[in-house]
Amino acid sequence: MLRFRQLIVRKAQQFKDDERGVGSTFAIFMAIICIGIGGLAIDVSNAWQMRQRLQTTADVAAHAGALMIVYPDSSGVKTTVSEALAVAEINMPVSRFQNVLTSSDIIVGRWNMATHQMTVSNLLPPNAVEVVTRLDDTNSNPLGTFFLRLMGFSHWQISTRAVAMVSGRDCFTDGFIAGGWVWMSSKNVFEN
């Protein structure tokens, strides 16, 4: 029994002192770290780029809907919601991105500047359009990852929001419209 114990101790000592294969172990460990860092670089920048694209789509869709409030379609074919959906389809086609905007994510109503809330009312005419674009589980189209999938992170949940409000000033169809100053460097004269 003593001889067997000495043999075990000697083999354990030899295993501890043997450095063969350390380079392979180190290379595997470094490969995992590189994949993780590369995944962060590629997947995070892709998610950021897609979020910017979603925000742009939300902005133009809300703006298109707001224009339909100001200039409604006389034939009644185009509505505020249909126009917002059409513009979103142009920016992020369903064939490539699936549905980033659905009609349930478009709210037409009255925007309260003080509370930053949308109120839907049949008593007052609408003055704003709120749009939420999504690449998430709500629309069953989360943004998949590339390298981070190897680390166990399979997708991103991204959504953006935009509100376009119509100003109801008296001179909305005449002259310059601005939220502040209009500075003109020429010496033009404007009359009624």
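In what follows, the structure referred to is the one given above.
Residues numbered from 1 in each chain as written. Predicted model: local features only at pLDDT ≥ 70, side-chain atom pairs only at ≥ 80, totals over all residues. Heavy atoms only, no water.

A. Representation of the packing of helix α2 (residues 22–70) against helix α3 (residues 80–91). The geometry of α2 relative to α3 is characterised by a closest axis approach of 8 Å and an angle of 150° between their N-to-C directions. One way to sum up the angle between α2 and α3 is to call them roughly antiparallel. Here α2 and α3 pass one another in a crossing that is right-handed. Between α2, through R53, T57, V60, A61, A64, G65, M68 and I69, and α3, the contact on the second element is made entirely by T80, E83, A84, V87, A88 and N91. Broken down by class, the residue content of the contact of α2 with α3 amounts to eight nonpolar, four polar and two charged. (Axes fitted to C-alpha atoms, helices over the stretch in contact; angles between N-to-C directions. Helix = DSSP H or I, 4+ residues; strand = E, 2+ residues; numbered from the N terminus. Parallel < 35°, antiparallel > 145°, perpendicular 65-115°, else oblique. Left-handed = near helix turned anticlockwise from the far one by under 90°. Contact = heavy atoms within 4.5 Å. Nonpolar A, V, L, I, M, F, W, Y, C, P; charged D, E, K, R; others polar.)

B. Just the environment of P126, in detail. Tracing the backbone shows P126 in the loop between β2 (117–119) and β3 (128–135). Judged by its relative accessible area of 36%, P126 is partly exposed. The spacing of P126 and W111 is 15 residues in sequence and 8.2 Å in space, taken between C-alpha atoms. (Buried < 20%, exposed > 50% of the residue type's maximum accessible area, 1.4 Å probe, protein only.)

C. Just the pattern of salt bridges, in detail. Scanning all chains against the criterion turns up three salt bridges. Between R161 and E130 there is a salt bridge, and its shortest N-O distance comes to 2.5 Å. Of the two residues, R161 sits in strand β6 (residues 158–165) while E130 sits in strand β3, which places them 31 residues apart along the sequence. In this structure E130 comes out as buried when scored by relative accessible area, which is 10%. Taking the shortest distance from any N to any O, the salt bridge between R134 and D136 comes out at 3.8 Å. Overlapping salt bridges, with partners in common, bring together D105, R134 and D136 in one network. (Salt bridge = Lys/Arg side-chain N within 4 Å of Asp/Glu carboxyl O.)

D. The nonpolar core, seen in detail. Counting residues in each nonpolar core, the largest one holds 22 residues, and the members touching the most others are V100, L101 and V131. Put simply, the parts of the chain that give this core at least two residues each are α2, α3, β3 and β6. Tallying contributions element by element places α2 first for this core, with seven residues. Beyond its immediate chain neighbours, meaning those up to four positions away, L101 contacts A61, A84, L85, A88, I106, V131, V132, T133 and N139. (Core = buried A, V, L, I, M, F, W, Y, C linked by side-chain atoms within 4.5 Å.)

E. Local environment of the pairing of strand β1 (residues 106–112). The pairing of β1 with β3 spans four bridges and is antiparallel. Across the sheet, residue I106 finds its bridge partner in β3, namely V131. Bridge count for β1 against β2 is three bridges, and the pairing is antiparallel. What sits directly across from R110, in β2, is T119. The turn linking β1 back onto β2 is made up of four residues, and H116 within it adopts a positive phi angle of 60°. (Pairing = 2+ DSSP bridges.)

F. Unusual backbone geometry, seen in detail. Not every positive phi belongs to a glycine, and Q98 is a case in point at roughly 65°. For Q98, a relative accessible area of 41% corresponds to the partly exposed category. Of note in the backbone geometry, H116 takes a positive phi value of approximately 60° without being a glycine. Since its relative accessible area comes to 49%, H116 is described here as partly exposed.

G. View of the side chain of E83. Here E83 is to be found in helix α3. The charged side chain of E83 is buried without a salt bridge, its nearest counter-charge being K78 at 4.2 Å. E83 has contacts with A64, M68 and K78, leaving out every residue within four places of it along the chain. (Lys, Arg positive; Asp, Glu negative; His and termini not counted.)

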